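Spelled out from the first residue to the last, the chains are:
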Amino acid sequence: MFSGQNIPRLDGVDKVTGRARYTADIEMAGMWHGVVVRSAIPHGRVEKIEFNSAFDWNRVVAADSKDIPGKNCVAMIEMDVPLIVSEKIMHIGEAILLIAAPARELAMDAVRNVKVVYEEWEPVLTVADAKRAAIKIRGEDNIMSQCKMEKGDTARGFKMADHIVEGSYSMGHQEHMYLETQGMIAAPSDDGGINLAGSIQCPYYVSMAVSILMDLPEDKISVRQAVVGGAFGGKEDYPSILAGYASVLAKKAKRPVRMIYERMEDTQVTTKRHPAKVYHRTGVKNDGTIVAMEILVEMNAGAYVTMTPVVLSRGLIHSAGAYTCENVSARGIAYATNTAPNGAFRGFGVPQVFFPMEVHVDRVAKEIGMPPLEFRRINCVKKGGMLATGQILEESVGAMKCLNEAAKRSSFAAKFKEYAKKNNHRVRRGIGMSLFMHGAGFTGSGESKIKGKAGLRLDPDGRITILTACTEMGQGAHTVLPQMTADFLGVDISLVNIETPDTALVPNSGPTVASRTTMVMGNVLSKCAGTLKQKLSEYASEKFGKRDVKFSDIVKSYLKERGELTVFDHYELPPGIKWDDRNFRGDAYSAYAWGCDVAEVEVDMETFEVRVVKMWMAHDVGRAVNPVMAAGQIEGGTLQALGYALMENHKMEKGKFVTSRFQNYMIPTAPDAPEWDTKIIEEKLSFGPMGAKGLGELPMDGGAPAIVNAIANATGIFVRDLPATPEKLYELFLMSQRQK
Ligand code: MOS
């Protein structure tokens, strides 16, 4: 068995030796460089564009919205994002003009010789502005999307409550800060089509969008993934826009065009995590049972729909946490603002509900005088329990096990009690925890609509090649899928190859998002392997009888005698999964991964700096196909959550992000990383491949509330607005002193 083994990453050697070719490394004859003239105002209209006549415009190619052969619209959930501004400007950074030139410097020089004259309108910059609706940028109420989820009867629930605790919690933008910025190459093909290569998560998303923009059938477009240097959701939706720019320029310039964003450009215009504000009102009995929960999730969508309805709905579904409260009423609303559209970011709406839920839980526990661990144990969902959507969990419910394991390993109960005692030390210690889950795969019936496909191909060298559009972006998919496939086929992993995700070569597996790849693709590949094995063994017994023949020789012989063979299959949801999308009732996800994080912190009471000393993560992922890589995901995602908790503070001035570099947008680095105690729990999922569920996003969901709860244990101060910077902590401390 290769599954369960720490096989070294199959992409590792190429990456550390520099052989791997990222988008910036790909060379093509006659390739030009594309740049964008961007809107400098958040809301308004282009009055005119002036080209400086002193500049030699024959040396460059410029394109505006009239150069788009198809629809001026980037297809995502709705068709509302224009590729290039033709009338209204909805946010800073929107494309007004595209320019390509033989060298980037020349293209940038051209940009400086363009003057855009605007008619400026008052912008809507915050959710508060949007709610007032004095300025209307979407409909009458500026509402982009809304949804609700009801379980039981909250009015009855609150009547049963001995205490009611309320609170609101908020979080700002979070930037992906992948090391490799967005990049794309478009090249016209001989048949009038376009070939693209770039830093992407979802080749088929790009293909669909370019098809509509360029008015080309999808079979005239190929989209290939170059090696990707980090994505975290940021290369799910945005690359369709960049691919549109590059395609329009390539067509007009009649040559390949490459576009690589600079860091500042990337942080100012690409998608970010949705800022959110969440209100909780919770009814609880003296014995610790939560009897009613009222929740309102508000998100800032930015200027266009992009991914917002799915981010909001995933957030709402997770908003009542890993608890079995009988009466829940939750509402989600996303508002339009004149800021860059927010999109996919690891966790996809879920970190924005677990920070509120899990900090609120600690406050509720404190209110009734119960330790937070005991309080969570009482309310934690168990096998056979029901979540807020009415989904009954039949199997693979590791919540309680995660909770107990993390608590035991960290000596949580004793430390929590000890650290809560008042002292006058300059450096105070605290410990905090969070309990959380993440639904694997698309929400509701999503997976049955996509029917993600994959294939296995026989190769002349006697090996088997996996055909999937699911991409490697550092998470390890292109190691884990071969590992599992080797086991499904019963062959050595050296006999399994994986094709580059290229729409010309691989079927549409659906996007590489939503913690779906291992679970969904693993499942499809196991079906493919079953069919392939049967075909090969039938052939072998006919050809070789009872003789023992090497697998690779059977493959070679088959290809010689019978010709090419590729076996395809697609994903089907497990039977019995039912989801009512209108009322948010039923089985939102076929499986959930569970986690409990414990953080131990030191707070310096002079400077209010917080150091996370150690974190314990107990995560139930069903089955870790590659334990070292799974632990890497857990630790990396938790570190990203540490940044969200303590330092990532995206500042905006008049609709423009000013924290646009690594120098002023702080993310955690190695010295910020605490000591890790990572415990993988395997509550196997019967229909998951080898028992595996999704893992990629779970670690981003629980770190922030655990850290913030630890700060509260140390100081008595609950931070309710991320990030918990020293400045914010100091202010809250002063306020708490004044109240005494
Ligand atoms: Mo993701 S945040 O589902 O790419």
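Our subject is the structure that appears above.
As the structure is a prediction and not an experimental result, all values here were calculated from the model. (Residues numbered from 1 in each chain as written. Predicted model: local features only at pLDDT ≥ 70, side-chain atom pairs only at ≥ 80, totals over all residues. Heavy atoms only, no water.)

1. Description of the side chain of lysine 272
We apply this condition: The way it works is that DSSP assigns letters per residue, a run of H or I at least four long becomes a helix, a run of E at least two long becomes a strand, and they are numbered from the N terminus. Polar contact is the term for a pair of N or O atoms within 3.5 Å; when the atoms are in protein, one must be able to donate a hydrogen and the other to accept it, and sequence-neighboring residues count only if both atoms are side-chain atoms. Should any heavy atoms of two residues lie within 4.5 Å, those residues are counted as being in contact.
Relative to the helices and strands, lysine 272 is located in the loop between helix 7 (263–269) and strand 13 (276–284). A distance of 2.8 Å separates a polar atom in the side chain of lysine 272 from a polar atom in the side chain of glutamate 175. Residues in contact with lysine 272, not counting those within four places in the same chain, are His173, Gln174, Glu175, His176, Asp266, Thr267, Pro341, Asn342, Gly343, His650 and Phe657.

2. Remarks on the environment of aspartate 237
Residue placement: aspartate 237 occurs in the loop between strand 11 (221–225) and helix 6 (239–253). With eleven residues separating them in the primary sequence, aspartate 237 and alanine 226 have C-alpha atoms 16 Å apart. Discounting residues that sit within four places of it in the chain, aspartate 237 has contacts with Met76, Thr271, Thr306, Met307, Gly343 and Ala344.

3. A look at the sheet that holds strand 4 (residues 88–89)
So the rule is basically this: DSSP-based pairing: two strands are paired if at least 2 bridges between them are found.
The sheet built from three strands is open, its strands ordered 4-2-6 with antiparallel pairing. In this open sheet, the two strands that pair with only one neighbour each are strand 4 and strand 6 (114–120). Examined bridge by bridge, strand 2 (residues 44–51) and strand 4 share two bridges and lie antiparallel to one another. Residue pairing in the sheet places glycine 44 in a bridge with isoleucine 89 of strand 4.

4. Description of the sheet that holds strand 1 (residues 32–38)
Keep this limit in mind: Interaxial angle, 0 to 180 degrees, is taken between N-to-C directions of lines fitted to C-alpha atoms, where a helix line uses only the stretch in contact.
Ordered by their spatial adjacency, seven strands build an open sheet running 3-5-1-12-9-10-11, and the pairing between neighbours is mixed. Because the sheet does not close on itself, it has two edges, and the strands there are strand 3 (61–63) and strand 11. Between one strand axis and the next, the sheet turns by 25 degrees as a mean value, whatever way the strands run. Here strand 9 (residues 183–188) runs beside strand 10 (residues 194–198); their pairing, made up of five bridges, is antiparallel. Within strand 10, the position partnered with isoleucine 185 by the bridge is alanine 197. In the packing of helix 5 (residues 203–214) onto the sheet, the strands contacted are strand 10 and strand 11, and the crossing angle to strand 11 comes to about 145 degrees. Contacts from helix 6 reach strand 1, strand 3, strand 5 (95–101), strand 9, strand 10 and strand 12 (257–260), with the element oriented near 35 degrees to strand 9.

5. Structural notes on the pattern of salt bridges
Definition in use: Counted as salt bridges are all cases of a side-chain nitrogen of Lys or Arg within 4 Å of a carboxyl oxygen of Asp or Glu. The rule is simple: take the accessible area with a 1.4 Å probe, protein chains only, and divide by the maximum for that residue type; under 20% is buried, over 50% is exposed, in between is partly exposed.
In total, this model carries 43 salt bridges according to the counting rule given. Arginine 9 is paired through a salt bridge with glutamate 472; the nearest N and O atoms lie 2.8 Å apart. Here glutamate 472 lies in the loop between strand 18 (464–467) and helix 14 (477–489) and arginine 9 lies in the segment before helix 1 (12–17), a separation of 463 residues in the sequence. Residue class for arginine 9 comes out partly exposed when judged on its relative accessible area of 30%. One continuous salt-bridge network, built from bridges that share partners, spans Lys415, Arg429, Glu600, Glu602 and Arg611.

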